[in-house]
Amino acid sequence: MAVPLFNLAPDMTVSRLCLGTMTFGEQNTLPQSFQLLDKAFDSGINFFDSAEMYPVPQRVETQGISEEYFGRWMRSRKIPRERVIFATKVSGPSGQMTWIRNGPESLDTWNIIEAIDNSLLRLQSDYIDLYQIHWPDRYVPMFGETEYDPTRNYSSVSIDEQLSALAKAIDAGKIRYIGLSNETPYGLMKFLHVAECGSGYPRIVSVQNSYNLLCRTFDSGMAECCHHERVSLLAYSPLAMGILTGKYLSLDGCPADARLNLFSGRYAEGESRYNLSNGLIRKTTDLYLDIAANYGVHPVSLAIAFVLRHPLVASAVFGATKLWQLEEVLDGCRVELIPEIFAEIDRVHSAFPNPCP
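Residues numbered from 1 in each chain as written. Predicted model: local features only at pLDDT ≥ 70, side-chain atom pairs only at ≥ 80, totals over all residues. Heavy atoms only, no water.

Draft legend 1. Focus on the overall build of the protein. When helices and strands are tallied, the protein shows 12 helices and 10 strands. At 19 Å, the protein has a C-alpha radius of gyration in line with the 21 Å of a compact globule built from 357 residues. Overall size of the protein, expressed as C-alpha extent along the three principal axes, is 55 × 50 × 40 Å. The buried share of the protein, reckoned over its 357 residues, is 58%. Surface exposure of the protein reaches about 15000 Å², of which carbon and sulfur atoms provide 50%. Measuring between centres, the 31 positive side-chain charges of the protein sit 3 Å from its 41 negative side-chain charges. (Helix = DSSP H or I, 4+ residues; strand = E, 2+ residues; numbered from the N terminus. Rg over C-alpha atoms; globule rule 2.2 N^0.38 Å. Buried < 20%, exposed > 50% of the residue type's maximum accessible area, 1.4 Å probe, protein only. Areas by Shrake-Rupley, 256 points an atom, 1.4 Å probe, with all protein chains shown as cover. Lys, Arg positive; Asp, Glu negative; His and termini not counted. Charge placed at Lys NZ, Arg CZ, Asp CG, Glu CD.)

Draft legend 2. Spotlight on the packing of helix H3 (residues 109–123) against helix H4 (residues 159–171). Running from N to C, H3 and H4 point in directions that differ by 35 degrees, and their axes come no closer than 9 Å. Judged by the twist between their axes, the crossing of H3 over H4 is right-handed. The segment H3 lies against H4, with Thr109, Ile112, Ile113 and Ile116 engaging Glu161, Gln162, Ala165, Leu166, Lys168 and Ala169. Residues of the contact of H3 with H4, tallied by class, amount to six nonpolar, two polar and two charged. (Axes fitted to C-alpha atoms, helices over the stretch in contact; angles between N-to-C directions. Left-handed = near helix turned anticlockwise from the far one by under 90°. Contact = heavy atoms within 4.5 Å. Nonpolar A, V, L, I, M, F, W, Y, C, P; charged D, E, K, R; others polar.)

Draft legend 3. Structural detail: the packing of helix H10 (residues 299–309) against helix H11 (residues 323–332). Running from N to C, H10 and H11 cross one another at 55 degrees; their axes reach a closest spacing of 8 Å. Comparing their axes, H11 and H10 come out oblique. Crossing of H10 against H11: the hand is right-handed. For the pair formed by H10 and H11, the contact residues are Val300, Ser301, Ile304 and Ala305 on the first element and Glu328, Val329, Asp331 and Gly332 on the second. When grouped by side-chain class, the residues that make up the contact of H10 with H11 number four nonpolar, two polar and two charged. (Parallel < 35°, antiparallel > 145°, perpendicular 65-115°, else oblique.)

Draft legend 4. Main features of the pattern of salt bridges. Tallying each qualifying case throughout the model produces 18 salt bridges. Across the salt bridge formed by arginine 122 and glutamate 67, the nearest N and O atoms sit 2.7 Å from each other. With arginine 122 in helix H3 and glutamate 67 in helix H2 (residues 65–76), this residue pair connects regions lying 55 residues apart in the sequence. Arginine 122 gets classed as buried once you look at its relative accessible area, which sits at 19%. Look at glutamate 67 and you get buried, because its relative accessible area is 0%. (Salt bridge = Lys/Arg side-chain N within 4 Å of Asp/Glu carboxyl O.)

Draft legend 5. Just the sheet that holds strand E9 (residues 232–236), in detail. Spatially, eight strands are ordered E3-E4-E5-E6-E7-E8-E9-E10 in a closed barrel, and the strand pairing comes out parallel. Between one strand axis and the next, the sheet turns through 30 degrees on average, direction left out of account. Note that strand E3 (residues 17–20) and strand E10 (residues 313–318) share three bridges and pair parallel. Bridge pairing in E10 places leucine 19 opposite phenylalanine 318. (Pairing = 2+ DSSP bridges.)

Draft legend 6. Main features of the environment of tyrosine 248. Structurally, tyrosine 248 is set in the loop between E9 and helix H7 (259–262). Residue tyrosine 248 is classed as buried on the basis of its relative accessible area of 7%. For the pair tyrosine 248 and asparagine 261, spaced 13 residues apart in the sequence, the C-alpha separation amounts to 9.0 Å. Once you skip the residues sitting within four places of it in the chain, tyrosine 248 turns out to touch Met241, Gly242, Ile243, Cys254, Ala258, Arg259, Leu260, Asn261, Leu276 and Arg282. Within the local environment of tyrosine 248, its side chain forms a polar contact with the backbone nitrogen of arginine 259, the two atoms lying 3.3 Å apart. (Polar contact = N/O pair within 3.5 Å; in protein donor to acceptor, adjacent residues only side chain to side chain.)

Keep in mind these values describe shape, not function.
Here it is as structure tokens:
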């Protein structure tokens, strides 16, 4: 059975599974990356996600390789450009990645256009299908932070300037559509409002935020905005960085090459949200694993089917470093869970809501 499709935009249909390339160039060599891309494409996945800063953990020696590998794969396999939907992202202000435009320092016009041009060079492609702002050019609580602190606010580039730069790239044929990532309801609505008021500004079509059994904060405020404004969710981390597979809780110990073990202490963004020393996360994960076991469902299938059931989810953005992991996710999108399972999931969520916000 083929991977289901979703109309993300009037002339852009994406598979409901999106293969993320965050590991390409770090955990995956070029031949391994090609194997994963071959399997995904042959299985009906036409949607692929990257970012200018990938792979992670980010470092100067590898920056941009994930995009480069994808472009090399397309050329090597002679895949017509229109057969795939490629999404990538511009890094927001960081100050920690000095090799990317000195920080990056901001999302002003120069930084956005420079980032787009560099991504196109690495891809060796004329255009990007979906271009996303990786995180906002303003202070927001992210990656496990839950409380807004007004004292951390800083002077940021206006949304008007950001949209103006993206509009120029669309007019030049460099990108087709735009999206946001790690965004808040306030940010999404501001982008939509400025686009409505501006002259020829593009409209946001998607938001790529974390969404999984352990992190359903999207439903608290963002879901209402997306529903009324017809913006789709690209749900990243549907397996909660692998926690929902159960491998980190196994009695025989998790494989040393699992991401949270391999990069322990080097992946702050992930570890802050998916902190395995948190007893609540372990307890809640165990309860979801029990549901899967009691109904004879693979934990990966439970997690993927839960995400894809959400009416606002266009696609689940997942990563895989091995072919068998990719196959498990593919199996997950073909599973239909019975109502009793969702009732059990809701009971766990009511008792332990969002242990990984």
